[in-house]
Amino acid sequence: MTFMDVKHIKKIYTSKLGSKGTEALKDVNFAVEKGEFISVMGESGSGKTTLLNILSTLDSATEGEVYLGDQPLSSIKDKEVSRFRREQLGFVFQDFNLLDNFTLKDNILLPLVLSRKSVDEMEKTLQPLVERLGIAHLLHNYPYEVSGGQKQRAAVARALITQPKIILADEPTGALDSKSSQNLMEILQDVHQNGQTILMVTHSARAASYSSRVLFIRDGQVYHELYRGQKDPDVFIDSISKSLLVSSKGRV
């Protein structure tokens, strides 16, 4: 079942001086199946962050369309975009994006507060989630009082609290040490195995090896993909690394 459909996406950034502009994405096409865990990889400047911004409605395409189910994202009115992001999408960022003057509990519950959910409903949703993520004992701590890995778990909890259709993760292991990175990816893999659809941008072959499929972008186009299938994690990491090496040499 096609869950998200990306069709002929092109993005051109134009300068105020009216020059030709920079083509960040040329003709991007791919589909996401419900329950998939997809990683998007490519060198800096390849267009992967631009693509993520378009998928998350933080930016709009110059040409083409993105469908979430049957809904074209371009049809969402400006006044409805914030609500759409809050209720349909979950975000996990490299720098956590937690509010320092809020406790972890308040950070996690913020999307539900903005949606005006009842206190009883928020508490009922919160507890099993934070216990599953191993941060129930940290709810009254502030972000500056916990480790990077614990901050990122709180960010994952905030992303999941609304039961979104898809999680969009932007370099989620980028600010973590190797142990915390592995822990986070194991959490995301568990979330995926419980039916959550995830799309993640990453530079890390090891992080990408936890996904079920990897898309490779170069010069604004998806040029290659790998399926994990039944591959051993180390074998999949090796396949990803070889594909990245080929990309860096400019050959398919």
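Before reading on, note that the structure itself is shown above.
Residues numbered from 1 in each chain as written. Predicted model: local features only at pLDDT ≥ 70, side-chain atom pairs only at ≥ 80, totals over all residues. Heavy atoms only, no water.

*Asks:* Could you clarify how one ought to interpret the overall build of the protein chain in this entry?
*Replies:* Each helix and strand in the protein chain was counted, giving eight helices and 10 strands. Each of the three principal axes of the protein chain carries a C-alpha extent, and together these read 50 × 45 × 40 Å. Burial analysis of the protein chain (252 residues in total) assigns 46% to the buried set. The contacts in the protein chain between residues at least 6 apart in sequence include a share of 70% that link residues at least 24 apart. Counting every atom, the protein chain has about 12900 Å² of accessible surface; 47% of that belongs to carbon and sulfur. Averaging the locations of the 31 positively and 31 negatively charged side chains of the protein chain gives two centres separated by 3 Å. (Helix = DSSP H or I, 4+ residues; strand = E, 2+ residues; numbered from the N terminus. Buried < 20%, exposed > 50% of the residue type's maximum accessible area, 1.4 Å probe, protein only. Contact = heavy atoms within 4.5 Å. Areas by Shrake-Rupley, 256 points an atom, 1.4 Å probe, with all protein chains shown as cover. Lys, Arg positive; Asp, Glu negative; His and termini not counted. Charge placed at Lys NZ, Arg CZ, Asp CG, Glu CD.)

*Asks:* Mind showing me how you'd approach the layout of surface pockets here?
*Replies:* Over the atoms, a rolled probe matching the size of one water molecule traces out where space is still vacant. For the largest pocket, the calculated volume is near 450 Å³. For the largest pocket, the lining is made up of 16 residues, of which Arg86, Phe91, Pro111, Leu114 and Arg158 are closest to its centre. Taken together, the residues that form the lining of the largest pocket break down as eight nonpolar, five polar and three charged. (1 Å grid on protein atoms, 1.4 Å probe; cavity = no way out; pocket = protein on both sides within 12 Å on 5 of 7 lines; lining within 4 Å. Points joined across faces, edges and corners; volume = space filled by probe spheres on them. Nonpolar A, V, L, I, M, F, W, Y, C, P; charged D, E, K, R; others polar.)

*Asks:* Got a minute to help me understand the sheet that holds strand E9 (residues 213-218) in this structure?
*Replies:* Pairing between sheet strands relies on hydrogen bonds along the backbone, with the strands arranged either parallel or antiparallel. Strand order in the open sheet formed by six strands is E6-E7-E8-E3-E9-E10, and the pairing between neighbours is mixed. Taken across any chain shown, the strands that pair with only one partner, and hence form the sheet edges, are strand E6 (89-93) and strand E10 (221-227). Between one strand axis and the next, the sheet turns through 20° on average, direction left out of account. Inspection of the sheet shows E6 paired to strand E7 (residues 166-170) by five bridges, in the parallel sense. Residue pairing in the sheet places leucine 89 in a bridge with isoleucine 166 of E7. Across the sheet, helix H5 (residues 148-160) is in contact with E6 and E7; its angle to E6 comes to roughly 170°. (Pairing = 2+ DSSP bridges. Axes fitted to C-alpha atoms, helices over the stretch in contact; angles between N-to-C directions.)

*Asks:* What am I meant to see in the nonpolar core here?
*Replies:* What tends to happen in soluble globular proteins is that the nonpolar side chains get buried as a cluster. Residues Ile108, Ile135 and Val156 are the most contacted members of the largest nonpolar core, which totals 35 residues. Non-local contacts of valine 156, meaning those with residues more than four positions away in its chain, are made with Val92, Leu133, Leu184, Ile187 and Leu188. (Core = buried A, V, L, I, M, F, W, Y, C linked by side-chain atoms within 4.5 Å.)

*Asks:* Got a minute to help me understand the pattern of salt bridges in this structure?
*Replies:* For side chains of opposite charge, pairing can occur when their charged atoms come near one another. Evaluation of the coordinates by the stated rule reveals nine salt bridges. Here glutamate 87 makes a salt bridge to arginine 83, at a shortest N to O gap of 3.2 Å. Of this pair, glutamate 87 and arginine 83 both sit in helix H2 (residues 78-88), four residues apart, which is roughly one turn of the helix. Under the relative-accessibility criterion, glutamate 87 is labelled partly exposed at 31%. (Salt bridge = Lys/Arg side-chain N within 4 Å of Asp/Glu carboxyl O.)

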